[in-house]
Amino acid sequence: MTVATATGLAATVDVAHESGSTRIGPRADAADLRVTMGEPLRLAMLVGREPANVSAAQAVALGANADLVLTLTTAGPGNLIDRATALREARPNVVLVVADKDDADGMIELIEALRLCCAGGHETPLVLVSAHEKARARISLAAGGLPTEAIPVPVSRSARDAIVTRLRALRRGAGDIVLRDEAIEAAARSLTLATGRAALVLDVSGASTSLALAQPDGSLTAAHSRLGVGSGADRVVARSGLDRVRRWMPRPIDAPALLERVFNRARWPDAVAPSVLTLALEMSLAREALAHLLRDADRAGFDMAALASARWIVATGRLADLPRAAQTALVVIDALLPEGTKRISRERRDALVVAGAIATRSATDVAGMTEDLALVTTLSPKRATSLTVTDDTGPIEEKIVRGAFFLMPTTGAVQVAISGSTTRETAGPLALGVIVDARGRPLELPQRDAERLPTIARWYSAVACLPIDEGTL
């Protein structure tokens, strides 16, 4: 097992998985830290008319890994009874109120609906009020006996970070606990600090999906959701629909059989995939979970250009634990649809999660905790383009045509050059090599099974992703 270090001292960390935990470190008697998902947080939002406030509230929910169960706006439809009914059915344990400066009356109407929802002994949520001073006083008065707290107006990054910190505190139980999303963010910062390069960490676990982009200037962009490939698999299907999950499968499977397999993932969340078909399902779920998180981040006003510009992508969690390195690389490529040339790496089992947990308390060393898998070069050639890959065995030149997708295995240090460009991309030894992707953006999948299945199977085979032998992973 990997032992992470904190300021030179060995630390023992328990990393919680869905069916148990893994203890990593030198001591078997007790752990210094525990990494867990934390308690579920059902969050409802009451917001004003300003689109910026709606986006800011959505960004807070993504940052705190909260389940956004309901959003009501002062300009939205519905009367008092309709709104109270919607709140009662959503069962939030926290309500985030973001009021516009000149819309206190409309917000008070939403608060009255919340009070009606809580009448009759229903669970009383905590109300976090983000508003200017006069409006906050009126809203708190209208809340009556509901517990309220004042929070900053989420117009700045520091204010949003403060709200996220408060929401995370509600998810954190007793003991010295580090939430998994906190550990992922700290791991991204540690990687960037150690290398001086921007690092985009993608974490897919059984119950959550996260992305965290750390920049050399110290800024961090992060989003989290409770979508996953285990107990969170049904959430992915609920959002995507069976057809969007099934479209990534390289072999035919009908909807009832696929649905049964999804429910089995939730019942046996940490089980090792027993067949190629089950493994392909896990990869499909991971693609959709990442794609949904990216779309949510876009709607919440995240800097998608910054995410797209990250040239180093690191996979963690179940995404990194897939049996073959090519499986990790293919899911990352299909979910992110990167452009240009990117480096894809993955953590050694739980190593970065542990390092991130320690980094929330003190400095930590992340050297040797990642493995470089591939350089992915995305091209959109209008005519045949030459790509030259140079490694320890010498240069190899390939002609790239539109629609091409293949792997060029490499040995030792690698340099990639494209005809017509003076840019040279370099990397150290890669587990796979250079993956060339000229399939186009956006990636178009055929609608009919008769066309789509051979296409998907060809992409899997192009990078030696799934074996021909059904019984071998």
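Whatever comes next refers back to the structure up there.
Every residue gets a number counted from 1 within its own chain, in the order that chain's sequence is written. In keeping with the predicted nature of the model, local features appear solely for residues at pLDDT of at least 70, side-chain atom pairs appear and are counted solely at 80 or more, and the whole-chain, interface and lining totals rest on all residues. Calculated side-chain values reflect all of the structure's heavy atoms, with hydrogen atoms and water omitted.

Enquirer: Kindly report on the sheet that holds strand E3 (residues 13-17), identifying the contributing residues and their values.
Expert: Strand pairing follows a simple DSSP-based rule, namely that at least 2 bridges must link the two strands. Starting at the N terminus, helices and strands are each numbered in turn, a helix being any DSSP run of H or I of at least four residues and a strand any DSSP run of E of at least two. The 4 strands are arranged E4-E3-E5-E11 in an open sheet whose pairing can be described as mixed. Because the sheet does not close on itself, it has two edges, and the strands there are strand E4 (20-24) and strand E11 (177-179). Each neighbouring strand pair of the sheet contributes to a mean axis angle of 25°, computed without reference to strand direction. The pairing of E3 with E4 spans 5 bridges and is classified as antiparallel. Directly across from His17, in E4, lies its bridge partner Gly20. Lying on the sheet, helix H6 (residues 180-195) is in contact with E3, strand E5 (33-36) and E11; it crosses E11 at an angle near 75°. Here, axes are lines fitted to C-alpha atoms. For helices the fit covers the stretch in contact, and angles between N-to-C directions go from 0 to 180 degrees. Every residue pair with non-hydrogen atoms within 4.5 Å of one another is taken to be in contact.

Enquirer: Describe unusual backbone geometry, with residues and values.
Expert: The amide bond that connects Arg441 to the next residue, Pro442, takes the cis arrangement and shows omega of -5°. For Pro442, the position within the fold is in the loop between strand E23 (433-437) and helix H14 (449-462). The phi dihedral of Asn65 is positive, around 55°, even though this residue is not glycine. Relative to the helices and strands, Asn65 is located in the loop between helix H1 (51-64) and strand E7 (67-73). Positive phi, normally seen in glycine, also occurs at Asp350, with a value near 60°. Mapped onto the fold, Asp350 is located in the loop between strand E16 (340-347) and helix H13 (351-359). Under the scheme applied here, a residue whose accessible area is under 20% of the maximum for its type counts as buried, over 50% as exposed, and between as partly exposed, the area being computed with a 1.4 Å probe on protein chains only. By relative accessible area, Asp350 is classed as buried at 2%.

Enquirer: Got a sec to walk through helix H3 (residues 104-118)? Specific residues and values, please.
Expert: Expected span, for any helix, means 1.5 Å times one less than how many residues it has. Compared with an ideal rise of 1.5 Å per residue, which puts 15 residues at 21 Å, H3 spans 21 Å between its outermost C-alpha atoms and is within 8% of the ideal. Inspection of H3 places Ala104, Gly106, Met107, Ile108, Leu110, Ile111, Ala113, Leu114, Cys117 and Cys118 among the buried residues, and these make up the whole buried set. Here the buried face of H3 lies against strand E6 (42-47), E7, helix H2 (80-90), strand E8 (94-98), strand E9 (126-130) and helix H4 (133-142).

Enquirer: Could you give an account of the sheet that holds E9, naming the residues involved and the relevant values?
Expert: Taken together, 5 strands build an open sheet; the order of strands is E7-E6-E8-E9-E10 and the sheet is parallel. If you trace the sheet from one side to the other, it starts and ends with E7 and strand E10 (148-150), each paired once. Ignoring which end each strand starts from, the neighbouring axes of this sheet average 20° apart. Sheet topology places E9 next to E10; 3 bridges connect them, and they run parallel. Within E10, the residue paired with Leu128 across the bridge is Glu149.

Enquirer: Describe the packing of H2 against H3, listing the residues and the values that go with them.
Expert: Between H2 and H3, whose axes approach to 8 Å, the crossing angle comes to 55°. The angle between the axes of H2 and H3 places the two elements in the oblique class. The chirality of how H2 crosses H3 is right-handed. On H3, the residues touching Leu80, Ile81, Arg83, Ala84, Leu87 and Arg88 of H2 are Glu109, Leu110, Glu112, Ala113, Leu114, Leu116 and Cys117. An angle counts as roughly parallel when it lies under 35 degrees, as roughly antiparallel when it exceeds 145, as roughly perpendicular when it falls between 65 and 115, and as oblique in every other case. For a crossing to be left-handed, the near helix must be turned anticlockwise from the far one by less than a right angle; the clockwise case is right-handed.

Enquirer: Account for the packing of aromatic side chains, with residues named and values stated.
Expert: Working definition: rings of Phe, Tyr and Trp (its six-membered ring) pair if their centres are within 6.5 Å, and the pair is stacked with planes under 30 degrees apart, edge-to-face with planes over 60 apart, and tilted otherwise. Under the counting rule described, the total for this entry stands at 0 aromatic pairs. By definition here, charges over rings are those cases where NZ of Lys or CZ of Arg is within 6 Å of the ring centre and within 35 degrees of the ring normal. A cation over an aromatic ring shows up here: Arg439 above the ring of Trp459, its NZ or CZ 4.5 Å from the ring centre.

Enquirer: So what about the nonpolar core? Which residues, and what values?
Expert: Across soluble globular proteins, you tend to see nonpolar side chains buried next to one another. Residues grouped as a nonpolar core are buried Ala, Val, Leu, Ile, Met, Phe, Trp, Tyr and Cys residues, joined through side-chain atoms within 4.5 Å. Counting 67 residues, the largest nonpolar core has Leu319 and Ile435 as the members making the most contacts within it. What Ile435 contacts, discounting residues up to four positions off in sequence, is Ala329, Ile333, Ala374, Leu375, Val376, Thr377, Phe405, Phe406, Leu407 and Val463.

Enquirer: Let's hear about the environment of Ala11: which residues, and what values?
Expert: Its place among the elements puts Ala11 in the loop between strand E2 (9-10) and E3. Sequence separation between Ala11 and Asp32 is 21 residues, and the spatial gap between their C-alpha atoms is 6.3 Å.

Enquirer: Just give me the short version of the pairing of strand E18 (residues 385-391), but keep the residues and values in it.
Expert: Of all 7 residues making up E18, 5 are buried, and the element is well covered by its neighbours. Connecting E18 to the next strand, strand E19 (residues 394-400), in antiparallel fashion are 2 residues. Taken together, the 4 bridges between E18 and strand E21 (residues 414-418) define a ladder with antiparallel strand orientation. Directly across from Leu387, in E21, lies its bridge partner Ile418.

Enquirer: If you had to explain helix H12 (residues 325-336) to someone new, which residues and values would you point to?
Expert: Look at H12: 17 Å from first C-alpha to last across 12 residues, which is about the 16 Å you get at 1.5 Å a residue. With 11 of 12 residues buried, H12 is to be regarded as a mostly interior element. Every buried residue belonging to H12 is among Ala325, Ala326, Gln327, Thr328, Ala329, Leu330, Val331, Val332, Ile333, Asp334 and Ala335, and all of these are buried. Trailing H12 by a residue or two, Leu337 shows a phi angle of about 50°, which is positive.

Enquirer: Got a sec to walk through the packing of helix H7 (residues 233-240) against helix H10 (residues 276-299)? Specific residues and values, please.
Expert: Interaxial distance between H7 and H10 falls to 10 Å at its minimum, and their mutual angle equals 60°. Accordingly, the angle class assigned to the pair H7 and H10 is oblique. Here H7 and H10 pass one another in a crossing that is left-handed. In this structure, H7 uses Ala233, Val236, Val237, Arg239 and Ser240 to contact H10, whose residues at the interface are Leu285, Glu288, Ala289, His292, Asp296 and Arg299. Per-class residue counts for the contact of H7 with H10 are 5 nonpolar, 2 polar and 4 charged. Residues are sorted three ways: Asp, Glu, Lys and Arg are charged, Ala, Val, Leu, Ile, Met, Phe, Trp, Tyr, Cys and Pro are nonpolar, and all the rest, Gly among them, are polar.

Interpretation note: all reported values are geometric properties and have no functional meaning in isolation.
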